[in-house]
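Residue-level structural notes
Here is what each chain is made of, one letter per residue.
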Amino acid sequence: MALSTLPAHTRLRPAAGRIRRTAAAAVAVLTAAGLLSACSYGSKSEDKASAAPAASGAKLSADTVKIGYFANLTHGTALVGLKQGILQQELGGTKIKTQVFNAGPAEIEALNAGSIDIGWIGPSPAINGFTQSGGKSLKIVGGSASGGVKLVVNPAKIGSVDDLKGKRIATPQLGNTQDVALLNYLAGKGWKVDANTGDGDVKVIRSDNKVTPDAYKSGSIDGAWVPEPTASKLVTLGAKVLLNEKDVWPDKKFVITNIIVSQKFLAEHPDVVEAVLRGSVKTNAWIKANSAQAKAVANEQIKADAGNALDAAVLDPAWQDIDFIDDPLANTLQAEADHAVTAGLLKKPNLAGIYDLTPLNKVLTAAGQPTVSDAGLGAK
């Protein structure tokens, strides 16, 4: 969970290919990196031609819609929807232009600059972008994924939760969603940890997802509270799953990926936004009905976007742990923000108006599905 209230000199300025260089740089992650570090490996973004078929048919109110997403399994709705052409089919003659991101701040900056119109993104950068703009930059218009986060540990050192005391547990970034979740969990066990330094009864180590497997192999960490596919990568190195984060949430659901749109684009092209949401809902339905094929399709798109596909030993358990859903789980967004406030990493944000679920509920109603709630955080 990113700190939207830190002074400007503490904010991260994303740069291509950067991995945090120093402990001081870790502090800068608080504001800008946000929840997307849950899914990311760096901070660059890259323009890609859409994998979807060429636009055809009637054009909507925009010639082109610019869509941002990550080449990660938690963005499986975008990966599959683009690769299978489901999103393009709903958009008809309106063309899709895609941009692939590796960190939340870059995607929020692109949305604010008009470089993208709609994006798949984690809740923390969405919260950060909304609050930093005074509620004027974006709206969350749909859900996409839940789950996919685990506490994995070295079984030779940690056999139970009680054994965590005195151990070194990694999270992706200071103040990101997994960092907040771990701090909240440890506090619930009565252990004290300085949220900023990570020092305390359990030593919290902020480690980029890219380097966490090497840190585990070297023995410099004893475990990690991390998203997929990092969790499954650690398991292939001998780690064991001590806790699935699903088990600490009501109904075993919590938001990991949402769909956001710039408020300007939503106001000017509501038909395009609705078409993307129809495509998202249809994609999620297709994923549920064709899980094995969808997993392969998502991995093909990851290879096209990132250069390397995931090995089956990582792909299979990671995919199985992610739920692709239309509901943005608004109540868990507020809970995640509250956890960050409790941890001392965030001043209580005003999230009123962060959601506009009117177009999504219109799509769901037309499809004969139940509508979803904004938990009182809907359009003003």
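Position numbers for residues start from 1 in each chain and track the written sequence from start to end. Per-residue local features are limited, in this predicted model, to residues with pLDDT of at least 70; the limit for side-chain atom pairs, both in listing and counting, is 80 or more; totals at the level of whole chains, interfaces and linings are taken over all residues. Excluding hydrogens and water, the side-chain values take into account all heavy atoms of the structure.

Helix numbering and strand numbering both begin at the N terminus, where a helix is a DSSP run of H or I of at least 4 residues and a strand a DSSP run of E of at least 2. A count of helices and strands for the chain gives 14 helices and 12 strands. Between buried and exposed lies partly exposed: a residue is buried under 20% and exposed over 50% of the maximum accessible area for its type, with that area taken using a 1.4 Å probe on protein chains only. Counting across all 380 residues of the chain, residues that qualify as buried make up 58%. For accessible areas, the Shrake-Rupley method is used with a probe of radius 1.4 Å. Any residue's cover is judged against the shown protein chains and nothing else. Accessible area for the chain stands at about 14300 Å²; split by element, carbon and sulfur atoms hold 50% of it.

Glancing now at unusual backbone geometry. Cis rather than trans, the peptide bond between Glu-228 and Pro-229 has omega equal to 10°. Tracing the backbone through its elements, the reader meets Pro-229 in the loop between β9 (223-227) and α8 (230-236).

Averaged over all residues, the pLDDT of the chain is 86; the fraction at 70 or higher stands at 85%. The predictor rates its confidence in each residue with pLDDT, a number between 0 and 100. Throughout, a residue-residue contact means that at least one pair of heavy atoms, one from each residue, lies within 4.5 Å. Note that pLDDT drops below 50 for residues 1-44; the model gives that stretch 141 contacts with residues more than four away or on any other chain. Confidence drops under pLDDT 50 across residues 47-52; counting only partners more than four residues distant or on other chains, this segment forms 18 contacts.

A word on the pattern of salt bridges. Definition used for salt bridges: Asp or Glu carboxyl oxygen within 4 Å of a side-chain nitrogen of Lys or Arg. Applying the stated criterion to the full structure yields 18 salt bridges. A salt bridge links Glu-90 to Lys-282, with the nearest nitrogen and oxygen atoms 2.7 Å apart. Taken together, the residues Glu-90 in helix α3 (residues 86-91) and Lys-282 in helix α10 (residues 270-289) connect sequence positions 192 residues apart. For Glu-90, a relative accessible area of 14% translates into the label buried. A cluster of three or more residues bridged by salt bridges with shared partners is formed by Glu-90, Glu-274, Arg-278, Lys-282 and Lys-362.

If you trace the backbone, Trp-286 turns up in helix α10. Sequence spacing of Trp-286 and Val-80 is 206 residues, and the spatial spacing of their C-alpha atoms is 9.1 Å. For Trp-286, the residues in contact, after removing those within four places along its chain, are Val-80, Gln-84, Ile-86, Gln-293, Ala-294 and Val-297.

Attention now goes to the pairing of strand β2 (residues 64-70). When you tally the buried positions in β2, you get five out of seven residues, the bulk of the element. DSSP calls a pair of strands paired once it identifies at least 2 bridges connecting them. Pairing analysis gives seven bridges linking β2 to strand β3 (residues 95-101), with the strands arranged parallel. Within the sheet, the bridge partner assigned to Lys-66 lies in β3 and is Lys-97. As judged from the two bridges shared by β2 and strand β4 (residues 118-121), these two strands associate in the parallel manner. Residue pairing across strands places Gly-68 opposite Gly-119, the latter belonging to β4.

Time to look at the sheet that holds strand β8 (residues 203-206). Spatial strand order, β8-β7-β9-β6-β10: five strands in an open sheet with mixed pairing. Each having just a single partner strand, β8 and β10 (240-244) make up the two edges of the open sheet. Across the sheet, the axes of successive neighbouring strands diverge by a mean angle of 30°, strand direction being ignored. Where strand β6 (residues 149-153) meets β10, four bridges bridge the pair, whose relative direction is antiparallel. By the bridge assignment, Val-153 is partnered in β10 with Lys-240. Fitted lines through C-alpha atoms serve as axes, helices being fitted only where they are in contact, and the angles separating the N-to-C directions of these axes extend from 0 to 180 degrees.

Relative orientation of the contacting elements helix α11 (residues 291-306) and helix α12 (residues 312-320) amounts to 120°, with a least axis distance of 11 Å. If you check the angle between α11 and α12, you find them oblique. The way α11 lies across α12 gives a crossing that is right-handed. Contacts between α11 and α12 pair Ser-291, Ala-294, Lys-295, Ala-298 and Asn-299 from the former with Leu-315, Asp-316 and Trp-319 from the latter. By the convention adopted, Pro, Cys, Tyr, Trp, Phe, Met, Ile, Leu, Val and Ala count as nonpolar, Lys, Arg, Asp and Glu as charged, and the other residues, Gly among them, as polar. Residue classes in the contact of α11 with α12 are distributed as four nonpolar, two polar and two charged. Oblique is the label for any angle not under 35 degrees, not over 145, and not in the 65 to 115 range, which are roughly parallel, roughly antiparallel and roughly perpendicular in turn. Each helix crossing is assigned a hand: it is left-handed if the near helix lies turned anticlockwise from the far helix by less than a right angle, otherwise right-handed if that turn is clockwise.

Two aromatic rings, drawn from Phe, Tyr or Trp (for Trp, its six-membered ring), form a pair once their centres lie within 6.5 Å of each other, and the interplanar angle then sorts them: stacked below 30 degrees, edge-to-face above 60, tilted otherwise. All told, the structure shown has three aromatic pairs when counted by the stated rule. Centroid distance Tyr-185 to Trp-225: 5.5 Å. Interplanar angle 50°. Geometry classified as tilted. Linking Tyr-185 in helix α6 (residues 177-188) with Trp-225 in strand β9, this pair joins segments that are 40 residues apart in sequence. Exposure class is identical for Tyr-185 and Trp-225. Each is buried. Measuring from ring centre to ring centre gives 5.7 Å for Trp-249 and Phe-254, while their planes differ by 20°; the resulting arrangement is stacked. Judged by its relative accessible area of 0%, Phe-254 is buried.

Mapped onto the elements of the fold, Glu-107 is located in helix α4 (residues 104-113). Positive: Lys, Arg. Negative: Asp, Glu. His and the chain ends are not part of the count. Although Glu-107 is buried, it makes no salt bridge; Lys-66 carries the closest opposite charge, 13 Å away. Those residues in contact with Glu-107 that sit more than four places away from it in its chain are Gly-68, Tyr-69, Phe-70, Phe-101, Ile-116, Gly-119, Trp-120 and Ile-121.

Bringing α12 into the picture now. Turning to α12, its buried residues number three or more, namely Val-314, Leu-315, Ala-318 and Trp-319. Considered in projection along α12, the buried side chains sweep an arc of 105° and stay on one side of the axis. Facing away from the buried surface of α12 by more than 90 degrees, the exposed residues are Ala-313 and Gln-320. Buried positions along α12 lie against α2 (76-83), α8, α10, α11 and β12 (322-324). This arc corresponds to the set of directions leading from the helix axis out to the C-beta atoms.

Another aspect to go through is helix α13 (residues 330-343). The span expected for a helix works out to 1.5 Å for each residue beyond the first. If you check α13, its first and last C-alpha atoms are 20 Å apart, about what 14 residues at 1.5 Å a residue would give, namely 20 Å. Among the residues of α13, Ala-330, Thr-332, Leu-333, Ala-335, Glu-336, Ala-337 and Ala-340 are the ones counted as buried. As for α13, its buried residues are in contact with α5 (123-132), β5 (138-147), α6 and β11 (255-262). Immediately beyond the C-terminal end of α13, within one or two residues, lies Gly-344, with a positive phi of roughly 85°.

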